[in-house]
Amino acid sequence: MSEALYVEVGLTEGEYEKIVELLGREPNHLELELFGVMWSEHCSYKSSRVHLGLFPTEGERVLVGPGENAGVLDIGDGWAVALRAESHNHPSAIEPFQGAATGVGGILRDIFTMGARPVALLDSLRFGPLTYARNKYLFRGVVAGISHYGNSVGVPTVGGEVFFDRSYQGNPLVNVMAVGVLRKENLVKGQASGVGNEILIVGAKTGRDGIHGASLLASREFNEAPLEMRPAVQVGDPFMGKLLIEATLEALETGAVVGVNDLGAAGLTSAASETASRAGTGVEIDVSLVPRREEGMTPDEVMLSESQERMLFIVEQGKGDKVREIFRKWQLDAARIGFVTDDGMLRIRDGKEVVAQVPAAALTESAPVYERPMEFPKKEDKEVSVPLPKLPDGYGEILRSLLGSPNLASKAWVYNQYDYMVRADTVMGPGGDAAIIRIKGTDKGIAISTDGNSRYTKIDPFLGGAMAVAEAARNVVCVGGRPIGLTNCLNFGNPENKEIMGQFRKAIEGMALACRVLGIPVTGGNVSLYNETQGENINPTPLVGMVGLLEDVSKRVGNGFTKSGNLICLIGENLEELGGSEYLSYVYDIYGNDLPVFDLEREKEVQEFCLRGIDEGLIKSAHDVSDGGLAIAIAEMIFNGRAKGAAISMTEPLIRRDSLLFGEAPSRIVVEVEKADVERVRELGMVPFMVIGEVKESGFSFALDDEEIFNEDTIELEKIWREALKWSL
Amino acid sequence: MGNYQANLKISLKKGVLDPQGSATMGALVSLGYEVTDVRVGKQIMVEFEAESREEALALVDEMAKRLLANPVIEDYSFMVEEVGETK
């Protein structure tokens, strides 16, 4: 076989030799294409798999862990939630609108594939600075694409984050998370079990879209002019997506469906080989039976197409017609294209002729695993310390300037384009610490949050990874939810670079440790590598999607002050450290060299304390101290509140003032408590707890060690905060 | 200097899914028409000034590439007509 052929499908010489060894012969062109997509980084996780085993994946609530289309957690009384997050970075960099839209469609399919009805979407977005026209275009396009698909398909987009940083110049990140709700007995897996069972392809017709999306687009660095890769972009159809949700859930009601898998990256190839490999069976399909949108498609094109809104169903023998009838009712194609066999082979026919025949497990389980060389940042590298900025004199000025930073400003411009109320179960929408969706017919609610600060992981991948998990959990805790499981998207640079692999390893170690200490299992996730443009790698960006449970959704609290006269208190301890803060970055344009001290045991105590306070009805509102620090956290509680003011007075003589106001030391939560309840709250646990001020009708004043350091008009501050993002565009 | 009028036709590339086209086709079929394919595109008219016909063609092509069409998923074609001279 000439070198050009395996290179063309994205394989190396060594990988090609392994294929020949596995098959005992040279593959034909189609077989080589199958290996090309299935052994791509995007589908095989070949660089990351050895490290992902560090995550704790078991827990009493875990019904389905990693390896399936989505994780599933038991929330009691026969109910369960399905969760999954996925990146759509490279497609969105080429065509932001359709890239983001198909990202939404894809993650929804992962959820209802499990038998769950999708109830919430969240998006974590990262772009280069808005001072560049290209970044504005990408940002607008991605937000429009998300709203186009999400709003039309009728699933509320309830939260997420947007963050701007130079490291995403040319390589934006679009990570989408979806959550679904199901009755435990309706759970279905992506397995082709039961020899003789029928295999159906359902949903949209197959076209030539997105061929080689997985192997070429998602698994290579992003140097060459992206325009060369144009044909690999797909177009989504949200109305078809909606029909597919309804038809799938109705088909599952028949009890005739034994397995479902969505057709995403690597299309039919991936769905057929994975379902067979999970069940330990074989699959035989005839590509000539696949309904097509275009004339003259070759078997290769049918197998590799990434046309959207398609699924694979495995149905009990003889019951295919019953399922097809349901799809016809929803005006969707459903064609019987093959059956389950017992020989472990993925056999592809084009009519009578067998055009490819490979062991299903060779495509999946036998995919190469690389232990790529790693290099960890050395300690001495860190001793070159950046001189700390001169103490600024006008703190009010700094506060106003920070509130106008696109990273801290209100994200209303984004979420006002999303329908976050559709389905009428959103009890807390965007703008809170976490979103809350109620489970109809019960008292329960689920709290969902996404989080990840890549400046922290850039400075220290281990601590940054741990902080991402802790903060996402803290967000869920702040609304009254107990964290029960998480999914993630691990976005990193080029894994063939030793330092990037070092960052990856350390970030996973940090995340895994935080999961263990906080007792939160990982139910799955997604890895996106090769986030590199012209030799520049993105900051390591692990994103955490956390799900929490509220047994009684009426006990939730918001992050805005509720009543003038209540006390403002701080759970946790202030520490001196500005490294990684938005303040250093926005005002002085540096990251800093160290992160604040982070103690996971303390974190756990702070979260328990807050949960207990909310559960007993003693905490009226809560907001965690994160980006922008304490002053920004309090300002946001004012803007989101009914009582629009705060008078703070603290004594912290040992901490630099800018660090106290804007430093981002973790494990801190600002809470609002009625005067009469303060002593009861103090006794909730052995955690530093102090009264730092009082809720007012208006005005934001801050006194430190008996000296007033700013006193600002809150109407003016809120105007800056609400309008800054709009003016940046 | 001449006044020119350009007439651009923009449509989704062959092979790219056209949800609007398929919905329209579905509606036509349900009205009883025997339709086999529908593709929906758009037409844009632009009036502008240019030194020569060559410059006019180049300008329209540039406008289409940079803004009017999305070359990632759309094809475009255009005609340019001179509609009179400016003093």
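What counts and what doesn't
- Residues numbered from 1 in each chain as written.
- Chains lettered and ligands numbered in written order.
- Predicted model: local features only at pLDDT ≥ 70, side-chain atom pairs only at ≥ 80, totals over all residues.
- Heavy atoms only, no water.
- Helix = DSSP H or I, 4+ residues; strand = E, 2+ residues; numbered from the N terminus.
- Rg over C-alpha atoms; globule rule 2.2 N^0.38 Å.
- Contact = heavy atoms within 4.5 Å.
- Areas by Shrake-Rupley, 256 points an atom, 1.4 Å probe, with all protein chains shown as cover.
- Buried < 20%, exposed > 50% of the residue type's maximum accessible area, 1.4 Å probe, protein only.
- Lys, Arg positive; Asp, Glu negative; His and termini not counted.
- Charge placed at Lys NZ, Arg CZ, Asp CG, Glu CD.
- Buried area = accessible area lost by both parts, 1.4 Å probe.
- Polar contact = N/O pair within 3.5 Å; in protein donor to acceptor, adjacent residues only side chain to side chain.
- Nonpolar A, V, L, I, M, F, W, Y, C, P; charged D, E, K, R; others polar.
- Axes fitted to C-alpha atoms, helices over the stretch in contact; angles between N-to-C directions.
- Parallel < 35°, antiparallel > 145°, perpendicular 65-115°, else oblique.
- Left-handed = near helix turned anticlockwise from the far one by under 90°.
- Pairing = 2+ DSSP bridges.
- Phe/Tyr/Trp six-rings, centres within 6.5 Å; stacked < 30°, edge-to-face > 60°.
- Lys NZ or Arg CZ within 6 Å of the ring centre and 35° of its normal.
- Expected span 1.5 Å × (residues − 1).
- pLDDT = per-residue confidence, 0-100.

What about the overall build of chain A?
A tally of regular secondary structure across chain A gives 25 helices and 28 strands. Relative to the 2.2 N^0.38 estimate, which gives 27 Å for 729 residues, the radius of gyration of chain A is 26 Å and therefore close to what a compact globule would have. Summarising its shape, the C-alpha atoms of chain A cover approximately 85 × 55 × 40 Å along the three principal directions. A separation threshold of at least 6 residues defines the contact pool for chain A, and within that pool the share at least 24 residues apart is 84%. Accessible surface for chain A amounts to roughly 25200 Å². Of this, 49% is attributable to carbon and sulfur atoms.

As for the overall build of chain B
If you tally the helices and strands in chain B, you get two helices and three strands. Here the C-alpha radius of gyration of chain B, 17 Å, is well above what a compact globule of 87 residues would show, namely 12 Å. Projected onto the principal axes, the alpha-carbon positions of chain B cover approximately 55 × 25 × 15 Å. Looking at chain B as a whole, 32% of its 87 residues are labelled buried. Split by element, the accessible area of chain B, about 5800 Å² in all, is 53% carbon and sulfur. A distance of 6 Å separates the average location of the 9 positive side-chain charges in chain B from that of its 15 negative side-chain charges.

Some points on the interface of chain A and chain B
Accessible area lost on assembly of the parts is the figure often given for the size of an interface. With 12 residues of chain A at the contact, the number on the chain B side is eight residues. When chain A packs against chain B, the two sides together hide about 950 Å² of surface, and 63% of this comes from carbon and sulfur. Across the chain A-chain B interface, the total number found is one residue pair in polar contact (both at pLDDT 80 or more). Grouping the constituent residues of the side of chain A that touches chain B by class yields three nonpolar, two polar and seven charged.

Quick look at the packing of helix α2 (residues 13-23) of chain A against helix α3 (residues 29-38) of chain A
Residue and element names in this part refer to chain A. The interhelical angle for the contact between α2 and α3, taken along N-to-C directions, is 120°, at an axis separation of 11 Å. Looking at the two axes, α2 sits oblique to α3. Considering the relative orientation of α2 and α3, their crossing is right-handed. Across the interface between the two elements, Tyr16, Ile19 and Leu23 of α2 pack against Glu31, Leu32 and Phe35 of α3.

Focus: unusual backbone geometry
Residues and elements named next belong to chain A. A positive phi is found at Arg423, a non-glycine position, where the angle reads about 80°. Within the fold, Arg423 resides in the loop between α16 (412-415) and β14 (426-428). Its relative accessible area of 29% is what places Arg423 among the partly exposed residues. The backbone phi angle of Asp589 is positive, close to 60°, even though this residue is not glycine.

Observations regarding the environment of Pro542 of chain A
Residues and elements named next belong to chain A. Relative to the helices and strands, Pro542 is located in strand β21 (residues 541-550). Under the relative-accessibility criterion, Pro542 is labelled buried at 3%. With residues up to four places along the chain from it excluded, the contact list for Pro542 reads Asp451, Gly452, Thr457, Ala468, Cys489, Leu490, Phe492, Ala507 and Met511.

Focus on the packing of helix α18 (residues 461-478) of chain A against helix α19 (residues 498-518) of chain A
For any two helices packed against each other, the geometry comes down to the angle between their axes and how far apart the axes lie. All names here are of chain A. Here α18 crosses α19 at 40°, and the two axes come no closer than 6 Å. What the angle tells us is that α18 and α19 run oblique. The element α18 and its partner α19 pack so that their crossing is right-handed. In this structure, α18 uses Pro461, Phe462, Gly465, Ala466, Val469, Ala470 and Ala473 to contact α19, whose residues at the interface are Gln503, Lys506, Ala507, Glu509, Gly510, Met511, Leu513, Ala514, Cys515 and Leu518. When grouped by side-chain class, the residues that make up the contact of α18 with α19 number 12 nonpolar, three polar and two charged.

Some words on the sheet that holds strand β12 (residues 345-350) of chain A
Residues and elements named next belong to chain A. Spatial strand order, β8-β10-β7-β11-β9-β12-β13: seven strands in an open sheet with mixed pairing. Bordering the open sheet on either side are β8 (257-262) and β13 (353-359), each of which pairs with just one other strand. Direction aside, neighbouring strands of the sheet carry axes that sit 25° apart on average. In this sheet, β13 lies alongside β12 in antiparallel orientation, the contact comprising six bridges. Within the sheet, the bridge partner assigned to Asp350 lies in β13 and is Glu353. Across the sheet, α3 is in contact with β12 and β13; its angle to β13 comes to roughly 40°. Relative to strand β10 (residues 310-315), helix α10 (residues 238-253) is tilted by about 10°, and along the sheet it contacts β7 (198-203), β8 and β10.

Considerations on the sheet that holds strand β18 (residues 522-528) of chain A
Residues and elements named next belong to chain A. Spatial ordering of the open sheet is given by β14-β15-β16-β21-β17-β18, a layout of six strands whose pairing is mixed. Each edge of the sheet is formed by a strand with only one pairing partner; in this case those strands are β14 and β18. Each neighbouring strand pair of the sheet contributes to a mean axis angle of 25°, computed without reference to strand direction. Bridge analysis of strand β15 (residues 435-438) against strand β16 (residues 445-451) gives four bridges, and the strand direction is antiparallel. Bridging across to β16, Ile437 finds its partner in Ile446.

Some details on the environment of Glu532 of chain A
All names here are of chain A. With respect to the secondary-structure elements, Glu532 resides in strand β19 (residues 532-533). Residue Glu532 is classed as buried on the basis of its relative accessible area, which comes to 7%. Once the C-alpha coordinates of Glu532 and Arg134 are considered, the two residues, 398 residues apart in sequence, prove to be 17 Å apart.

Some words on the packing of aromatic side chains
All names here are of chain A. Applying the stated rule across the entire model yields 18 aromatic pairs over all chains. Three or more aromatic residues link up through ring pairs in this structure, and these residues are Phe127, Phe139, Phe164 and Trp413. The ring of Phe376 has Lys506 sitting right over it, with the charged end atom 4.8 Å from the ring centre.

Let's talk about the pairing of β16 of chain A
Residues and elements named next belong to chain A. The element β16 is largely enclosed, with a buried count of seven among its seven residues. Taking every second residue as pointing to the same face, both faces of β16 are buried, with Gly445, Ala447, Ser449 and Asp451 on one and Ile446, Ile448 and Thr450 on the other. Taking the residues that link successive antiparallel strands as the turn, the β15-β16 hairpin has six residues, and the phi of Gly441 there is positive, at about 85°. One ladder, built from seven bridges, connects β16 with β21; its direction is antiparallel. Bridge pairing in β21 links Gly445 to Leu550.

Section: the pairing of strand β3 (residues 79-87) of chain A
A regular strand places its side chains so that they alternate between the two faces of the sheet. Residue and element names in this part refer to chain A. The element β3 is largely enclosed, with a buried count of eight among its nine residues. Bridge analysis of strand β2 (residues 71-76) against β3 gives five bridges, and the strand direction is antiparallel. Bridge pairing links Leu73 to Val81 in β3. Remark: two residues form the turn of the hairpin made by β2 and β3, two consecutive strands paired antiparallel; Asp77 in that turn has positive phi of roughly 55°.

Comments concerning α10 of chain A
Helical geometry note: an α-helix holds 3.6 residues per turn, so side chains three or four residues apart project in the same direction. Residue and element names in this part refer to chain A. Taking 1.5 Å per residue as the helical rise, α10 with its 16 residues ought to reach 22 Å, and the 23 Å between its terminal C-alpha atoms agrees with that figure. Taking burial as the measure, the 16 residues of α10 include 12 buried ones, the bulk of the element. Buried residues of α10: Pro238, Met240, Gly241, Leu243, Leu244, Ile245, Glu246, Ala247, Thr248, Leu249, Ala251 and Leu252, and no others. Two residues or fewer after α10 comes Gly255, characterised by a positive phi angle close to 80°.

Observations regarding the confidence of the model for chain A
In the predicted model, chain A carries a mean pLDDT of 91, and the fraction of residues at 70 or more is 95%. Throughout residues 223-230 of chain A the model reports pLDDT below 50, and contacts reaching past four residues in sequence, or to other chains, amount to 10 contacts.

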